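Observations on the model geometry
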Amino acid sequence: MSSDDITPGDTPGPDRPGGGLPGPSRLGPGPPVPGPPVRRRPVRRRPVRRPTGWAASLVWGGAGETIEAGNLEFERVLFFSDAVFAIAITLLVVDLRVPISATIRSAHVLRAAVPDMIGFGIGFVVIGLFWLGHHSLFRHIVAMNGSLIRLNLLFLGTIAFLPYPTALLSATSPTQVGSVVFFAVCVAAAGLTEAAIWLYALRVPRLVSTGIPPWQRRKITLRMLVAPVVFLASIPVALVAPGSAEYVWIAVYVLDLFLNLMTRREEGGNSRDEAPA
């Protein structure tokens, strides 16, 4: 039947089944109706709290602010340094052990422990001299910054490591080149880092007391360089005669006495020049 045969009465309407406007079931789903725009709240990021002052210089680099002597933070650095020295010296005696046995011959035990005792003596003197030098430095260093604290930590790291090369030196014979050279390198590294603390403090204003005369600054600088120079000089000797390198280390004490004698003469000459006529 064509469209011309449909009469007006036959036109589908609202009152007829299937009449009215075609629904979605006939034409399929319609286009989605846009809803109101969704407002998203901006994500608030909490600001990262970075340390300020000298603590910021330790974490983020740079010199940072200075902390003066008498401040709690200044004293904490010195207390921590003394604790590292004390632990390092204590670790030297760990290798001195009495064997557990039903029958112990004291003479045999003491004879076997002689290398360990010699190693303990060498390590104790070396660490003790470094502690004396560190103590004398901070009698003249009156302020710290972040860079100086980092240098001090590096120096303390070399001190804390010294019990290992000392134990290796005791466990091997004096004719072994490796243990002697390794010990000399470790001690020289500790001496160079301690000298770096003093040289850096001299370079930065207000870290060193202004009342130190020039001759005393030269004396402290030379004393800081004695140990690394002597132990580095002993390395070529150890390559030729390992047993003789330990005798070269005695030059540290001899040179220190020589520096004290020279500075006393210079101090006496300066005091005479400054005396009123």
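Everything that follows concerns the structure shown earlier in this document.
Note that this is a predicted model, so its numbers are computed, not measured. (Residues numbered from 1 in each chain as written. Predicted model: local features only at pLDDT ≥ 70, side-chain atom pairs only at ≥ 80, totals over all residues. Heavy atoms only, no water.)

**Regarding helix α3 (residues 72–92)**
Working note: α-helix, 3.6 residues per turn, so residues spaced by three or four point in the same direction. How we decide: Here a strand is any run of E in DSSP of at least two residues, a helix any run of H or I of at least four, and the numbering for each starts at the N terminus. The span expected for a helix works out to 1.5 Å for each residue beyond the first. Partly exposed describes any residue whose relative accessible area lies between the buried limit of under 20% and the exposed limit of over 50%, with all areas from a 1.4 Å probe on protein chains only and scaled to the type maximum. Within this analysis, the arc is defined by the directions that extend from the helix axis to the C-beta atoms. Residue contacts are defined here by distance: any two heavy atoms, one from each residue, within 4.5 Å place the two residues in contact. In protein, a polar contact means a hydrogen-donor-capable atom and an acceptor-capable atom, both N or O and within 3.5 Å, with residues adjacent in sequence counting only if both atoms are side-chain atoms; elsewhere, any N or O pair within 3.5 Å suffices.
Across its 21 residues, α3 extends 31 Å between first and last C-alpha, which sits within 8% of the 30 Å expected from 1.5 Å per residue. Looking only at α3, the buried set comprises Phe74, Val77, Leu78, Ser81, Val84, Phe85, Ala88 and Leu92. End-on, the buried residues of α3 take up no more than an arc of 115 degrees, which puts them together on one face. Residues of α3 that are exposed and point over 90 degrees away from its buried face: Leu72, Arg76, Phe79 and Ile87. On its buried face, α3 sits against β1 (67–68), α5 (114–140), β2 (143–144), α6 (146–161) and α7 (163–171). Near the N-terminus of α3, the side chain that reaches the backbone nitrogen of Glu73, with its oxygen 2.9 Å away, is that of Asn71.

**A word on the packing of α5 against helix α9 (residues 214–240)**
Note the cut-off: Only C-alpha atoms enter the line fits that serve as axes; for helices the fit covers just the stretch in contact. Angles between N-to-C directions range over 0 to 180 degrees. For classification purposes, an angle smaller than 35 degrees is called roughly parallel, one larger than 145 roughly antiparallel, one from 65 to 115 roughly perpendicular, and anything else oblique. Throughout, a crossing is termed right-handed when the near helix is turned clockwise from the far one, and left-handed when it is turned anticlockwise from it by less than a right angle. Classification used: nonpolar for Ala, Val, Leu, Ile, Met, Phe, Trp, Tyr, Cys and Pro, charged for Asp, Glu, Lys and Arg, polar for all others including Gly.
Across the interface, α5 lies against α9 with an axial gap of 12 Å and an inter-helix angle of 155 degrees. Between α5 and α9, the crossing angle belongs to the class labelled roughly antiparallel. α9 is crossed by α5, and the crossing has left-handed handedness. Along its contact with α5, which presents Val126, Phe130, Gly133, Leu137 and His140, the element α9 presents Gln216, Ile220, Met224, Ala227 and Phe231. Residue composition of the contact of α5 with α9, by class: 7 nonpolar, 3 polar and no charged.

**Quick look at the nonpolar core**
Looking at soluble globular proteins, one finds that nonpolar side chains tend to be buried together. Where we set the bar: The definition of a nonpolar core used throughout is a set of buried Ala, Val, Leu, Ile, Met, Phe, Trp, Tyr and Cys residues joined through side-chain atoms within 4.5 Å.
With 53 residues, the main nonpolar core has Phe130, Met144, Ile159 and Phe231 as its most contacted residues. Every element with two or more residues in this core is listed here: α3, α5, β2, α6, α8 (177–203), α9 and α11 (251–274). Phe231 has contacts with Val126, Phe183, Ala184, Val187, Ala188, Trp249 and Val252, leaving out every residue within four places of it along the chain.

**Some thoughts on the environment of Ala143**
On the secondary structure map, Ala143 appears in strand β2. When residues no more than four places from it in sequence are discounted, the contact partners of Ala143 are Ile67, Glu68, Phe74, Leu148, Arg206 and Leu207.

**Notes on the packing of aromatic side chains**
Rule in force here: Between 30 and 60 degrees the pair is tilted, below 30 it is stacked and above 60 it is edge-to-face, where a pair is any two Phe, Tyr or Trp rings, Trp via its six-membered ring, whose centres lie within 6.5 Å.
Enumeration over the complete set of coordinates arrives at 9 aromatic pairs. The interplanar angle of 75 degrees and the centroid separation of 6.1 Å between the aromatic rings of Phe130 and Phe155 together place this pair among those described as edge-to-face. Highlighted residues: Phe130 in helix α5 and Phe155 in helix α6, separated in sequence by 25 residues. Exposure remark for Phe155: the relative accessible area of 0% places this residue in the buried category. Taken together, the ring pairs connect Phe85, Phe130 and Phe155 into an aromatic cluster.

**A word on the pattern of salt bridges**
Oppositely charged side chains may form a pair once their charged atoms are brought near each other. Put simply, the rule is: Within this document, salt bridges are pairs made up of a side-chain nitrogen of Lys or Arg and a carboxyl oxygen of Asp or Glu, the two lying within 4 Å of each other.
In this structure the tally under the stated criterion is 2 salt bridges. With a shortest N-O distance of 3.5 Å, Glu73 and Arg76 are connected by a salt bridge. Pair noted here: Glu73 and Arg76 are both in helix α3, with a separation of 3 residues, about one helical turn. Taking relative accessible area as the criterion, Glu73 reaches 22% and is therefore assigned partly exposed. Between Arg223 and Asp256 there is a salt bridge; the shortest N-O distance is 2.9 Å. Placement of Arg223 in helix α9 and of Asp256 in helix α11 is noted, with a sequence separation of 33 residues between them.

**Focus on unusual backbone geometry**
It is generally the case that most residues other than glycine have a negative phi and that most peptide bonds are trans. With phi around 70 degrees, Arg206 is a residue other than glycine that occupies positive phi space. For Arg206, the position within the fold is in the loop between α8 and α9.

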